[in-house]
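Coordinate inspection notes
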Amino acid sequence: LMPKALFVPAAIKAQADPSVLAAEFNADLPAVLRRLASLPSGLSLAPMGLAIADATGALTYLKAIPGFRPSRHTAGCPLWPLYAALTQPMRAIKAEVVLPGPAGGRFMCYAIAVPKTSADFDASPVFETTMLVVSDPAPGPQPPVPVGISCRVCPRRECAARREPSVIDGRP
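Our subject in this report is the structure included herewith. (Residues numbered from 1 in each chain as written. Predicted model: local features only at pLDDT ≥ 70, side-chain atom pairs only at ≥ 80, totals over all residues. Heavy atoms only, no water.)

Brief notes about the sheet that holds strand S4 (residues 106-115)
Spatial strand order, S2-S1-S5-S4-S3-S6: six strands in an open sheet with mixed pairing. Looking along the sheet, the strands with just one partner apiece sit at the ends: strand S2 (59-63) and strand S6 (145-146). With six bridges joining them, strand S3 (residues 93-98) and S4 adopt antiparallel strand pairing. Bridge assignment links Lys-94 to a residue of S4, and that residue is Tyr-110. Across the face of the sheet, helix H3 (residues 29-37) comes into contact with strand S1 (48-54), S2, S4 and strand S5 (127-135) while running at roughly 140° to S1. (Pairing = 2+ DSSP bridges. Helix = DSSP H or I, 4+ residues; strand = E, 2+ residues; numbered from the N terminus. Contact = heavy atoms within 4.5 Å. Axes fitted to C-alpha atoms, helices over the stretch in contact; angles between N-to-C directions.)

As for H3
Within H3, seven of the nine residues are buried, which leaves the element mostly enclosed by the surrounding structure. Inspection of H3 places Pro-30, Ala-31, Val-32, Leu-33, Arg-35, Leu-36 and Ala-37 among the buried residues, and these make up the whole buried set. Buried residues along H3 sit in contact with helix H1 (4-13), helix H2 (18-25), S1, S2, S4 and S5. The N-cap of H3, judged by a side-chain oxygen 2.8 Å from the amide nitrogen of Ala-31 a few residues on, is Asp-28. (Buried < 20%, exposed > 50% of the residue type's maximum accessible area, 1.4 Å probe, protein only. Polar contact = N/O pair within 3.5 Å; in protein donor to acceptor, adjacent residues only side chain to side chain.)

A closer look at the packing of H1 against H2
Across the interface, H1 lies against H2 with an axial gap of 10 Å and an inter-helix angle of 140°. As far as their axial angle goes, H2 and H1 are oblique. The handedness of the crossing between H1 and H2 comes out as right-handed. Across from Leu-6, Phe-7, Ala-10 and Ala-11 in H1, the residues of H2 making contact are Leu-21, Glu-24 and Phe-25. (Parallel < 35°, antiparallel > 145°, perpendicular 65-115°, else oblique. Left-handed = near helix turned anticlockwise from the far one by under 90°.)

Description of the pattern of salt bridges
Using the criterion set out here, one finds two salt bridges in the structure. A salt bridge links Arg-152 to Glu-164, with the shortest nitrogen-to-oxygen separation between them at 3.7 Å. One end of the pair, Arg-152, is in the segment after S6; the other, Glu-164, is in the segment after S6, and twelve residues separate them in sequence. We classify Arg-152 as partly exposed; its relative accessible area is 31%. (Salt bridge = Lys/Arg side-chain N within 4 Å of Asp/Glu carboxyl O.)

Brief notes about the pairing of S2
Of the pairings in the sheet, the one linking S1 to S2 comprises four bridges and is antiparallel in character. Among the inter-strand pairings, Ala-51 is bridged to a residue of S2, identified as Leu-62. If you look at the hairpin formed by S1 and S2, you'll find four residues sitting between the two strands, and Gly-57 has a positive phi there, around 95°.

Details of the side chain of Glu-96
With respect to the helices, strands and loops of the structure, Glu-96 is situated in strand S3. Among the polar contacts made by the side chain of Glu-96, one reaches the main-chain amide nitrogen of Gly-140 at a distance of 3.2 Å. With near-sequence residues (within four places) excluded, Glu-96 lies in contact with Arg-106, Phe-107, Met-108, Pro-137, Ala-138, Pro-139, Gly-140, Gln-142, Pro-144 and Val-145.

Description of the packing of H1 against H3
Remark: H1 packs on H3, axes separated minimally by 11 Å, with the N-to-C direction vectors making an angle of 90°. Compared by their axis directions, H1 and H3 come out roughly perpendicular. Contact with H1, carried on its side by Lys-4, Phe-7 and Ala-11, involves Val-32, Arg-35 and Leu-36 of H3 and no other residues of that element. Tallied by class, residues from the contact of H1 with H3 come to four nonpolar, no polar and two charged. (Nonpolar A, V, L, I, M, F, W, Y, C, P; charged D, E, K, R; others polar.)

Put into structure tokens, the structure is as follows:
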């Protein structure tokens, strides 16, 4: 559907914009997000990571990039667009995020949750969420969303989404 010989030049021309590429290749957004994350390094594109989670929020696939290394063994930060997409199935979400600290990375995230199963009148759909993470975006018009890797290692004390105390300084 998106052969490398055609997709690479199209991705460079579109500056890796998933919506443009989905329209050009008549492909669904999750497939385009996965294809972008699989591009080889060395192109004139920023590094791209990928996270895929099931409806429980558990990561089922992870391609880490520098600065984006969520744990597959602990609960992730609920403020990532990956999880916001689960609350709004079929809605494409684009958000700039920033990690805490002086070296906190900035990323542009593209996420969408879609049914993993076929439509069935006798069963509820099972959703899967996919998020492409692009390093060091140009600052956008909106302030970035402050995120963490997980509550246990996040220093943001005033976070409304905190579910457990941080081990960094011993205070919630």
